[in-house]
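# Close look at the chain arrangement
Residue-level listing of the chains:
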Amino acid sequence: MNFFIVDAFTNEPFKGNPAGVVLLDKEIPKKLKQNIAKEIGFSETSFVLKKGKEFFIEYFTPVSEIDLCGHATIATFYVLHHLKLLESKKVLLHTKAGKLNIYISEEKIFMEQAQPKLGETIEKEKISKVLNISVDDFDTLPVQKAFTGLWDLIVPVKSKKILLNINPDLEYMKRFNDVASFHVFTLDESNGLCNTRNFAPLYGINEEAATGTANGALFYYLYKHNIVKKDKVYKIIQGESLNRKSEIFVTFDGKIKVGGTAKIIFKGQLLDF
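Residues numbered from 1 in each chain as written. Predicted model: local features only at pLDDT ≥ 70, side-chain atom pairs only at ≥ 80, totals over all residues. Heavy atoms only, no water.

## Some words on the overall build of the chain
- Within the chain, the secondary structure is distributed over six helices and 18 strands.
- For 273 residues, the compact-globule formula gives about 19 Å, and the C-alpha radius of gyration of the chain, at 18 Å, lands near that figure.
- Looking at the chain as a whole, 56% of its 273 residues are labelled buried.
- Excluding contacts between residues fewer than 6 apart, the proportion of contacts in the chain whose partners are at least 24 apart in sequence is 62%.
- Of the accessible surface of the chain, which amounts to about 12,100 Å², a share of 48% is contributed by carbon and sulfur atoms.
- When the 37 positive and 33 negative side-chain charges of the chain are each reduced to one mean point, those points stand 3 Å apart. (Helix = DSSP H or I, 4+ residues; strand = E, 2+ residues; numbered from the N terminus. Rg over C-alpha atoms; globule rule 2.2 N^0.38 Å. Buried < 20%, exposed > 50% of the residue type's maximum accessible area, 1.4 Å probe, protein only. Contact = heavy atoms within 4.5 Å. Areas by Shrake-Rupley, 256 points an atom, 1.4 Å probe, with all protein chains shown as cover. Lys, Arg positive; Asp, Glu negative; His and termini not counted. Charge placed at Lys NZ, Arg CZ, Asp CG, Glu CD.)

Okay, structure coming up:
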């Protein structure tokens, strides 16, 4: 089995969000996938198997399987495109979050996300204790759950300075076990739509440098709150707090689509077990 280390949502090495990508030539047990993901050690490792013209993918963090991962999907299809293993510019992908279309261009890979929806709002006083910030540090938009394959908690803050100085209580954050992550953002960003940070300690990820699913959820939230327009592509910046700047491109045309480019860093081979 060939495997790759890929930096997603960047065209620079050692920027963006690293993912492991394993190209399967046959199915292997889930326990083995989990052990491989733990050994590789990145926030997510994807395992992709081609059946006919369609692709089946599973995602594992170092501690558990998850239904969907944006940056690992971008990384996977960048590898497949680079190896010329794709027969068309539109590919059907099977995930635990449902069937999704992948769109390939020379510059970027875009992934369609699950049908978006918004959930309940959460009192800012409650969230301020988790993020160790003042209630006055929040933007006027609500703290609200949003979904494009995973439920994320979307948290608006007033400024980039506040965002980059957040030092959350990660153990307290784990008690919110009905969301995959806290996705904190500010519209105070001159080089894109917004700047974001993502915390997912429940899945063994203290912070991620780029999060495709959560930024898709954020984009739908912004669309429903009349901040962005339909059928226009926007750039979201993430990862500056980790010195791994990422650029995530998002649009909504009835479906949320998240995209970007990637950079292959290493290639190797996993031995048979």
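Next comes the rest of the account.
## Some thoughts on the packing of aromatic side chains
- Evaluation of the coordinates by the stated rule reveals 10 aromatic pairs.
- One aromatic cluster is present, formed by Y172, F176 and F182 through successive ring pairs.
- Above the ring of F147, the side-chain terminus of K117 is found at 4.9 Å from the ring centroid.
- The cationic tip of K257 hangs over the ring face of Y103; the distance from NZ or CZ to the ring centre is 4.4 Å. (Phe/Tyr/Trp six-rings, centres within 6.5 Å; stacked < 30°, edge-to-face > 60°. Lys NZ or Arg CZ within 6 Å of the ring centre and 35° of its normal.)

## Here's the deal with the pairing of strand β1 (residues 2-8)
- Of all seven residues making up β1, six are buried, and the element is well covered by its neighbours.
- With seven bridges connecting them, β1 and strand β18 (residues 262-269) associate as antiparallel partners. Each bridged residue has a counterpart across the sheet, and for D7 the counterpart in β18 is K263.
- In this structure, β1 lies alongside strand β2 (residues 17-24), joined through seven bridges in antiparallel fashion. From the neighbouring strand, F3 faces β2, where its bridge partner is V22. (Pairing = 2+ DSSP bridges.)

## Considerations on the environment of L92
- For L92, the location among the structural elements is in strand β6 (residues 90-95).
- With 19 residues separating them along the chain, L92 and M111 place their C-alpha atoms 10.0 Å apart.
- When residues no more than four places from it in sequence are discounted, the contact partners of L92 are E54, F55, K99, L100 and N101.

## Brief notes about the pattern of salt bridges
- Going through the model one piece at a time under the given rule, you end up with 16 salt bridges.
- When the shortest N-O distance is used, the salt bridge between E240 and K160 registers 3.0 Å. Residue E240 is found in the loop between β15 (234-238) and β16 (246-252), and its partner K160 is found in helix α4 (residues 160-164); the two are separated by 80 residues along the sequence.
- For E240, a relative accessible area of 29% corresponds to the partly exposed category.
- Since its relative accessible area comes to 22%, K160 is described here as partly exposed. (Salt bridge = Lys/Arg side-chain N within 4 Å of Asp/Glu carboxyl O.)

## Here's the deal with empty space enclosed by the protein
- With the rule as written, the count across this model stands at two cavities of 30 Å³ or more.
- As for the largest cavity, its lining consists of 19 residues, of which E44, I66, L150, E208 and T211 are closest to the centre.
- Those elements giving two or more residues to the lining of the largest cavity turn out to be α2 (70-82), β13 (194-200), β14 (205-208) and α6 (212-224).
- When grouped by side-chain class, the residues that make up the lining of the largest cavity number eight nonpolar, eight polar and three charged.
- When its volume is computed, the second largest cavity comes out at roughly 30 Å³.
- What lines the second largest cavity is M173, K174, F176, V179, A180, S181, F182, F199, A200, P201 and L202.
- For the lining of the second largest cavity, the elements supplying multiple residues, two or more each, are β12 (181-186) and β13.
- Residues that form the lining of the second largest cavity fall into these classes: nine nonpolar, one polar and one charged. (1 Å grid on protein atoms, 1.4 Å probe; cavity = no way out; pocket = protein on both sides within 12 Å on 5 of 7 lines; lining within 4 Å. Points joined across faces, edges and corners; volume = space filled by probe spheres on them. Nonpolar A, V, L, I, M, F, W, Y, C, P; charged D, E, K, R; others polar.)

## Structural notes on the layout of surface pockets
- When its volume is computed, the largest pocket comes out at roughly 190 Å³.
- Along the walls of the largest pocket sit F9, T10, N11, E12, K15, E107, K108, K245, S246, E247, F249 and T261, which together make up its complete lining.
- Per-class residue counts for the lining of the largest pocket are two nonpolar, four polar and six charged.

## Points about the state of the cysteines
- The tally for this structure, following the rule as stated, stands at zero disulfides.
- We note that C69 lacks a disulfide partner, and the nearest cysteine sulfur, in C194, lies 18 Å from it.
- When its relative accessible area of 4% is taken as the criterion, C69 is described as buried. (Disulfide = S-S within 2.5 Å.)

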